[in-house]
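So the chains spell out like this:
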Amino acid sequence: MKNEQVKKTMKGALILSIASLIAKILSAVYRIPFENIVGNTGFYVYQQVYPIYGICMTFALTGFPVYISKLIAEQHDEATKIKLSQQIFVILCVFSLGSFFGLRLFAPLLARAMGDMALISLIRSVSWMLLFMPFLAVGRGYYQGTFNMVPTAISQVTEQFMRVFVIIVAAVMFAHFNWDYYKMGSLAMFASSAGAIVACFSFVRFFSRDFRVKTTVPRFSYLQLTEKIFTEGVIICLFASTMVLLQLIDSFTVVRGLLHNGYLPEAAKNLKGIYDRGQPLLQLGMVLAVGFSSTLLPTLSHALKNKKMAEFRRISKVMLRISITISVAAAFGMIVLMPQINTLLFGDALLSRELSMYIFSVVFITLIGTYNSILQSLNQFLITVVGLLAAIVVKFVLNVWLIGRLDLMGASVATVLSLLVALGFILVFSPELIRGLFSEGHFWLKLGATTVNMLIVVKAFVLVYSQLIGNTRMDTLFISLVGASLGAIVFVVSALVFKLFSVREWLMLPGGKKILKVWQKLTRKGEQI
């Protein structure tokens, strides 16, 4: 029975990881055609308010459900689980209604703080999705707490599909009917509510049948439940929205900083729209790294549950090494190809240096996320929370200071340095169990050599192709595809040559077994020759 439960948990975690991966890819990819249709200023309008949506959806779709599922899983009988769900639903209804009216009431204040009063309609448009938060958070939390991940996975994917569909419709209508940017942005923001409505259909069975059952079990203390949800639950929510919080600081400081530097309003908005191109690229880089490392999370939890601390440390080491390796490869691969990627996806190579600096944050945010997963499994939340708060403060202070001196490069540098501060804090205060996981086997030296090899080969290819053939938008498609493929091959081969991973670590990687088989065949042929 115990083994069955473990299998069910691991299967559920895999389903949820795949759904999350699909949702993240959709969330990153739709921005590219959207920006091409609405232009830099249209993209600025959307991205200014997007962080508010991002924080709200983190609460509804990630943070609260994770914590609620933990509370549900701790209960021993179905009646108690239902009673707990009902009471949490009441608490979240009060919270969501308060947030809804607060966002609508303070929309003018927020728009003024962002330096653009025309954003009021967008902020009020996104507020409607808050009304669906109790249904999404409790529905997901209940099913995850009973180890049934399918409804949550379906809701996650359908929410993103509907939202992306409405956003693209808004962009097409903007182009076809010559709408102004803010009317288009309001409809694009209403997509969050459309996605939430569709996601709620995944929980119709629960709310129409199970949730309505009257139970005779004793009622939980509303005060204690509220305290738990808005301490531990909010901590999970805030950490899950780290990058969105940093983007929110950009919404309040970048345009205002550029205006202070002497830019005209339209020029400042245009530049902010170009700067925001970095966000889908950042998400794509994170999807690769987090997608690979998250496949090991169920194994990590299983080792901890069985008190196998040596195995826990070994799996933690593999998770961290996979995360840093994939994120470094993704970040430096995009950096060396940035002018071509920028031109291919968005039509020009403007701000490629600033975007390259911004993309470097992939490495730090991926590592922070992996450390957070490990620390959460150890029930240690305070370290990452303090690190996150430090990052937010550093980001705000550096944005105000650096934008005045370096324009948008200052905002990019501020993002990287704020994440570096958070990571440094986590590394210093992490428990002894997970310290020194990178120092074994000259890992950093091998990773550095592997990365340099990739950079030299890809850069040489880009320079030779650009000089001999050209660098038009069609050329950038070929350069990006071949450059990325070439970089990946060189990186993997170099990793094998320098023995970046042990055989056991390769076998734990998705596809690692096939890579080793191919490598063994090639090396044997080489020896025979």
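Here is what the cut-offs are and how they apply
- Residues numbered from 1 in each chain as written.
- Predicted model: local features only at pLDDT ≥ 70, side-chain atom pairs only at ≥ 80, totals over all residues.
- Heavy atoms only, no water.
- Helix = DSSP H or I, 4+ residues; strand = E, 2+ residues; numbered from the N terminus.
- Rg over C-alpha atoms; globule rule 2.2 N^0.38 Å.
- Buried < 20%, exposed > 50% of the residue type's maximum accessible area, 1.4 Å probe, protein only.
- Contact = heavy atoms within 4.5 Å.
- Lys, Arg positive; Asp, Glu negative; His and termini not counted.
- Charge placed at Lys NZ, Arg CZ, Asp CG, Glu CD.
- Patch = residues over 30% accessible without salt bridge, like charges linked within 9 Å, V, L, I, M, F, W, Y side chains within 5 Å.
- Areas by Shrake-Rupley, 256 points an atom, 1.4 Å probe, with all protein chains shown as cover.
- Salt bridge = Lys/Arg side-chain N within 4 Å of Asp/Glu carboxyl O.
- Expected span 1.5 Å × (residues − 1).
- Bend = angle between axes of the 7 residues up to and from the residue.
- Core = buried A, V, L, I, M, F, W, Y, C linked by side-chain atoms within 4.5 Å.
- Axes fitted to C-alpha atoms, helices over the stretch in contact; angles between N-to-C directions.
- Parallel < 35°, antiparallel > 145°, perpendicular 65-115°, else oblique.
- Nonpolar A, V, L, I, M, F, W, Y, C, P; charged D, E, K, R; others polar.
- Phe/Tyr/Trp six-rings, centres within 6.5 Å; stacked < 30°, edge-to-face > 60°.
- Disulfide = S-S within 2.5 Å.

Asks: Please clarify how the overall build of the chain should be interpreted in this entry.
Replies: On a plain count of helices and strands, the chain comes out with 24 helices and zero strands. Taking 529 residues into account, the globule formula puts the C-alpha radius of gyration at 24 Å, and the chain, at 24 Å, falls close to it. If one aligns the C-alpha atoms of the chain with their principal axes, the spans along those axes are about 75 × 60 × 40 Å. Going through the 529 residues of the chain one by one, you find that 53% of them count as buried. Looking at the chain alone, contacts between residues at least 24 apart form 81% of all its contacts between residues at least 6 apart. Positive and negative side-chain charges of the chain, numbering 47 and 23 respectively, have mean locations separated by a distance of 7 Å.

Asks: Is there a simple way to think about a positive patch on the surface in this case?
Replies: Residues K513, K514, K517 and K521 make up a contiguous surface patch of positive charge. As for its position among the elements, K517 is in helix 24 (residues 512-528). By relative accessible area, which is 49% here, K517 ends up partly exposed.

Asks: Help me out: how do you make sense of a nonpolar patch on the surface in this one?
Replies: Side chains of V393, F396, V397 and V400 sit close together on the surface and give an oily, nonpolar patch of about 370 Å² of accessible area. Among the secondary structure elements, V400 is positioned in helix 19 (residues 382-406).

Asks: Honestly, helix 10 (residues 222-240) in this entry has me stumped. Any pointers?
Replies: Working note: α-helix, 3.6 residues per turn, so residues spaced by three or four point in the same direction. Look at helix 10: 25 Å from first C-alpha to last across 19 residues, which is about the 27 Å you get at 1.5 Å a residue. Largest kink in helix 10: about 35°, centred on V234. For helix 10, the full list of buried residues reads L225, I229, G233, V234, I236, C237 and F239. Among the structural elements, helix 2 (31-73), helix 3 (78-105), helix 11 (242-260), helix 18 (361-377) and helix 19 are those in contact with the buried residues of helix 10.

Asks: How do you make sense of helix 17 (residues 352-359) when you look at a structure like this?
Replies: Of all eight residues in helix 17, six are buried, a share of seventy percent or more. All of the buried residues along helix 17 are S352, E354, L355, S356, Y358 and I359.

Asks: Explanation requested: the nonpolar core in the structure shown.
Replies: A general trend in soluble globular proteins is that nonpolar side chains are found buried together. One finds I52, F64, I88, L119 and L136 to be the most contacted residues of the largest nonpolar core, which totals 153 residues. When sequence neighbours within four positions are dropped, the list of residues in contact with L136 reads M57, A60, L61, A196, A199, C200 and F203. Grouped together as the second largest cluster of nonpolar side chains are five residues, L402, M409, V413 and A414 included.

Asks: I'm lost on unusual backbone geometry in this one. Help?
Replies: For N178, which is not glycine, the phi torsion reads 55° and is therefore positive. Along the polypeptide, N178 turns up in the loop between helix 7 (150-177) and helix 8 (181-200). Phi angles above zero are rare outside glycine, and L351 is one such case at about 60°. Tracing the sequence through the fold places L351 in the loop between helix 16 (338-346) and helix 17.

Asks: Can you help me understand the packing of helix 15 (residues 309-336) against helix 16 in this one?
Replies: Angle between the axes and distance between the axes: these two values describe a pair of packed helices. Contact geometry for helix 15 and helix 16: axes closest at 4 Å, N-to-C directions at 75°. Judged by the inter-axis angle, helix 15 sits roughly perpendicular to helix 16. Across the interface between the two elements, M334, I335 and V336 from helix 15 touch M338, P339, Q340 and I341 from helix 16.

Asks: How should I be thinking about the packing of helix 3 against helix 5 (residues 120-127) in this particular structure?
Replies: Closest axis-to-axis distance for the helix 3/helix 5 pair is 9 Å, and the angle between their directions is 170°. The orientation of helix 3 with respect to helix 5, classified from their angle, is roughly antiparallel. Contacts between helix 3 and helix 5 involve F100, L103 and R104 from the former and I123, R124, V126 and S127 from the latter. Of the residues assigned to the contact of helix 3 with helix 5, the class counts are four nonpolar, one polar and two charged.

Asks: What is the right way to read the environment of L131 from this model?
Replies: With respect to the helices, strands and loops of the structure, L131 is situated in the loop between helix 5 and helix 6 (133-145). Here L131 falls in the partly exposed class, since its relative accessible area comes to 27%. Between the alpha carbons of L131 and M409 there is a distance of 38 Å; along the sequence they are 278 residues apart. Residues in contact with L131, not counting those within four places in the same chain, are L97 and F100.

Asks: Looking at this structure, I do not really get the pattern of salt bridges. What am I missing?
Replies: Once their charged atoms are close, side chains differing in charge can pair, the charge on each being opposite to the other. Per the stated rule, a full pass over the model turns up 11 salt bridges. Each of E35, R277 and D348 takes part in a single network of salt bridges with overlapping partners.

Asks: How should I be thinking about the packing of aromatic side chains in this particular structure?
Replies: Aromatic rings in a pair are described by how distant their centres are and how their planes are angled relative to each other. As enumerated under the stated definition, the model contains 32 aromatic pairs in all. Their ring planes at 20° and their centres at 6.3 Å tell us that F59 and F95 sit as a pair that is stacked. Placement of F59 in helix 2 and of F95 in helix 3 is noted, with a sequence separation of 36 residues between them. Between Y142 and F206, the ring centres sit 4.4 Å apart and the planes meet at 20°, which makes this aromatic pair stacked. Of this pair, Y142 sits in helix 6 while F206 sits in helix 9 (residues 204-210); the two residues are 64 residues apart in sequence, bridging distant segments of the chain. With respect to burial, Y142 and F206 carry one shared label: buried. Cluster of aromatic residues (ring-pair linked, three or more members): F89, F135, Y142, Y143, F203, F206, F207 and F211.

Asks: What should I look at first to understand the environment of L388 in this one?
Replies: The residue L388 is located in helix 19 in this model. Classification of L388 by relative accessible area gives buried; the value is 7%. Expressed as a C-alpha distance, the spacing of L388 and S241, which sit 147 residues apart in the sequence, is 10.0 Å. Beyond its immediate chain neighbours, meaning those up to four positions away, L388 contacts L238, F239, T242 and L245.

Asks: Got a minute to help me understand the state of the cysteines in this structure?
Replies: The term disulfide refers to a covalent linkage connecting the sulfur atoms of a pair of cysteines. Overall, the coordinates contain zero disulfides when judged by the stated rule. C56 takes part in no disulfide bond, and the closest cysteine sulfur to it belongs to C237, at a distance of 11 Å. Residue C237 is classed as buried on the basis of its relative accessible area of 0%.

Asks: When you look at the environment of S377 in this model, what are you seeing that I'm missing?
Replies: Note that S377 resides in helix 18. Since its relative accessible area comes to 18%, S377 is described here as buried. Expressed as a C-alpha distance, the spacing of S377 and R277, which sit 100 residues apart in the sequence, is 34 Å. With near-sequence residues (within four places) excluded, S377 lies in contact with L300, L304 and F312.

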